[in-house]
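Read off the chains here:
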Amino acid sequence: MPEPQDPLRSLFQQAAGAGQDSAVTAPVALIAARGRRARRRRFGALAVVACLVFGGGAAAVAALLPGKPAPVGPAGTPPPSRPSTKGLPFPAATATATRLGPASSPTPESSISAPASGSPHTTATEPP
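Counting restarts for each chain: residues are numbered from 1 in the order of the written sequence. Only residues with pLDDT of at least 70 are given local features in this predicted model, and only at 80 or more are side-chain atom pairs given and counted; all residues enter the totals for whole chains, interfaces and linings. Note: side-chain values were computed over all heavy atoms of the structure, leaving out hydrogens and water.

Asker: Could you give an account of the overall build of the protein, naming the residues involved and the relevant values?
Answerer: The helix count covers DSSP runs of H or I at least four residues long, the strand count covers runs of E at least two residues long, and both are numbered beginning at the N terminus. A count of helices and strands for the protein gives three helices and zero strands. The secondary structure elements of the protein, listed N-terminal to C-terminal, are α-α-α. A simple rule labels every residue: compare its accessible area, found with a 1.4 Å probe on the protein chains alone, to the largest value its type can have, and call it buried under 20%, exposed over 50%, or partly exposed in between. Within the protein, the fraction of its 128 residues that count as buried is 1%. Counting only carbon and sulfur atoms, one obtains 67% of the accessible surface of the protein, whose full area is about 12,200 Å². Residue exposure ignores everything except the shown protein chains as possible cover, and the areas themselves are Shrake-Rupley values with a 1.4 Å probe.

Asker: An account of a nonpolar patch on the surface is requested, with residue identities and associated values reported.
Answerer: Like-charged residues within 9 Å of one another, or nonpolar side chains (Val, Leu, Ile, Met, Phe, Trp, Tyr) within 5 Å, are grouped into patches, provided each residue has over 30% relative accessible area and no salt bridge. When a carboxyl oxygen of Asp or Glu lies within 4 Å of a side-chain nitrogen of Lys or Arg, that pair is called a salt bridge. On the surface, L8, L11 and F12 cluster together into a nonpolar patch covering about 340 Å² of accessible area. In this fold, F12 is placed in helix α1 (residues 7-22). Residue F12 is classed as exposed on the basis of its relative accessible area, which comes to 59%.

Asker: How would you explain a positive patch on the surface if you had to name every residue and give the values?
Answerer: In this count, Lys and Arg are taken as positive residues and Asp and Glu as negative ones, while His and the chain termini are left out. Note that the charge is assigned to NZ on lysines, CZ on arginines, CG on aspartates and CD on glutamates. Residues R34, R36, R37, R39, R40, R41 and R42 make up a contiguous surface patch of positive charge. The topology assignment puts R40 in helix α2 (residues 28-64).

Asker: Please give an account of the confidence of the model for the protein that cites residues and values.
Answerer: Per-residue confidence for the protein averages 76 on the pLDDT scale, and 62% of its residues sit at or above 70. Per-residue confidence from the prediction method is given by pLDDT, with values spanning 0 to 100. Taking the mean pLDDT of every element in the protein, the minimum, 53, falls on helix α3 (residues 92-100) and the maximum, 94, on α2.

What follows is the structure in structure tokens.
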């Protein structure tokens, strides 16, 4: 059965023919630039989503941790401590003496003198 003549249909067909005749294919450079822009937008959106997921996960973990941490005082010098002698082959005094050099001779303050009479006598002289 033949279709009835519709004036609107014939106008759409004429407009479609005119559009096809004037249509031009876009240059390759323009199409490639659109693709690059779309890829950058997708990557940016993916980065934002990843940051939100990571930040939300970190916030959830921080909220689930028990208690508050103990306050930390200001930084300073550590208190002096003695070196450990465990595991050393020699006592600490011997190790220190060998590191610093030979022992020095006795000082005059602690000299011992024996009088000629025969009885030992110890004298300590005061430093000048």
